[in-house]
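The primary structure of each chain is shown beneath.
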Amino acid sequence: MKKTLFACLAVATLLFIACSTQPSGHRAEDNLARTLLDSALLYIDRQDLQSAMLQLKKAEKLLPALENAKTKYQICQYIGWINETSGANELALHYQGLALDYAREYGKPELVVDVLINQANTLYNMGLNDSAWSITLEAARFYEQADRGQQSVIKRHGAYHEMLEGDLQKAERHAYEAAMLAEDPSAEGNALALLCQIYIKQGRDHDAQMLMGVMPQKGDATLRYNQLLAQSDMLERQGDFRGALMAERQMRQLDDSLNAQARHLDIVKIQNQFDRETLQREKAEQRLWFSLVVSALLLAILALTAWFNHRTRSLYKRFKQRIGETKQLLSDQLSDRNATIDQLKHTIDERMNELAQLQQRLPSPYRNEALYSQLAETKQGVDVLYSIVSGENISQMGKQEQRAVTDVLWQMDQQLAEIIDNPENPLTPKETFFCIMEHCGMSDREKADAFCSSEQAVRSTKSRLGKKLDIDALRANKEK
């Protein structure tokens, strides 16, 4: 039993050690990407850019799973560089943009400067000088953190921009500084070639000719192209048009050779094929997501429309129901001899406030309800009657208030309504209100306060009214 237990513990220990020595998922992918990247660099050293691109494309597929920002930066940076070298400038800018994001994530300024310089070179190759200069200015912000080679390129780009702007003195100084900072023959030669062009524009042919004599003879194709450009400008200035033409032909041959090489390389084909497949996949995903979003929006709109219609119908039904209930309640209270004007006003105010809130929640076409308008007129009549009975200021009330209070009186007290709403003896609004006050037993003083007039004016109104109807009948009606 003990031997079995020890054997199990030994196996468990060995499994634990084995698992602990195995790299995690992310670490394994980082190691694989590092191996592919190292392989690509070996191919680049051998000038086998096609094989280098194949290795880098395999590494690129691992980007979403990688944790090391520097590895991700290097993958995109080298893919961008090979595309730039192969003439695929648009692709180069795309990968340089990715490399810039990863460089910033990694946090090393020299890596950021390296990408910015490559972006500026690509933009210069595309003839986008203003954009290239903008990128150069961004790189110049990290000038102090950059190495000598990067500082040399920043100075050279600045000198080139100043030469185009016509500031030849500043351009000369910066081109010279670029040559002094250069760390390899190609960078030095490119800076000196630019300085030579500046001398020619300044009319210093002798200095330009001397400079061409000490210019490095070995370097990349860009150096040879810049040397031929400076030589062509100088020969043309000296009047040796035949020599200038020969130099331009060599430049053209060199340019055609580079472009032809870029066209026959399978690098661009590999890149385009990969990007085409990626683009097709992304478009399919976008179409799927777009369809899903549109479908979701349509469903949401349909659901909202159905909900809104249901809510509107429910509110309208409730609105009409409350109108009917309010109309019946008011009819009962108006015909109730024991109901006071205070109770009546409280009821109608409460119900009309509730109806007004319901009405505001309804769409405009549903608000114009005839029964609601009738209730509003009834409320106005009750408000006018309450103001009269309470002795409030009614001096500004006119025919509209007269009509409203008369309609209410037909429901409350038909005998009084017959007296004051006799077509054969039409009354003015003031006379109608006077009759109601007289019926309620209000004194001349109270009437005068309500009309904002004197008691003499009230007595004059009473005298005129006595010619139209029997004043005493008003109080007699009250007593009945």
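Worth saying up front: this structure is predicted, and the values here are computed from it rather than measured.

Draft legend 1. Representation of the confidence of the model for the chain within the structure. Per-residue confidence for the chain gives a mean pLDDT of 79, with 80% of residues at or over 70. Confidence over residues 1-8 falls short of pLDDT 50; this stretch has 0 contacts with residues more than four positions distant or in other chains. Predicted confidence for residues 14-24 stays below pLDDT 50, and this span has 2 contacts to residues more than four positions away or in other chains.

Draft legend 2. Molecular detail of the packing of aromatic side chains. One pass over the structure, following the stated rule, counts 1 aromatic pair. Aromatic pair Tyr124 and Tyr160: ring centres 5.4 Å apart, planes at 90°, arrangement edge-to-face. A residue pair is termed long-range when its members are at least 10 positions apart, and Tyr124 in helix H6 (residues 109-125) and Tyr160 in helix H8 (residues 148-165) qualify at 36 residues. On the accessibility criterion, Tyr124 (16% relative accessible area) is buried. Directly above the ring of Tyr386 sits Lys345, whose terminal nitrogen or CZ lies 5.3 Å from the centroid. Sitting over the face of the ring of Phe451, Lys430 holds its NZ or CZ atom 5.2 Å from the ring centroid.

Draft legend 3. View of the nonpolar core. Membership of the largest hydrophobic core comes to 42 residues, with the highest contact counts inside it found for Tyr73, Ile75, Ile82 and Leu116. Mapped onto this core, the elements with two or more residues apiece are helix H2 (25-45), helix H3 (49-60), helix H4 (69-85), helix H5 (89-106), H6, helix H7 (129-140) and H8. At 9 residues, the largest contribution of residues to this core is made by H6. Counting residues in each nonpolar core, the second largest holds 40 residues, with Leu344, Val382, Ile420 and Leu469 among its members.

Thresholds applied
Residues numbered from 1 in each chain as written. Predicted model: local features only at pLDDT ≥ 70, side-chain atom pairs only at ≥ 80, totals over all residues. Heavy atoms only, no water. pLDDT = per-residue confidence, 0-100. Contact = heavy atoms within 4.5 Å. Phe/Tyr/Trp six-rings, centres within 6.5 Å; stacked < 30°, edge-to-face > 60°. Helix = DSSP H or I, 4+ residues; strand = E, 2+ residues; numbered from the N terminus. Buried < 20%, exposed > 50% of the residue type's maximum accessible area, 1.4 Å probe, protein only. Lys NZ or Arg CZ within 6 Å of the ring centre and 35° of its normal. Core = buried A, V, L, I, M, F, W, Y, C linked by side-chain atoms within 4.5 Å.

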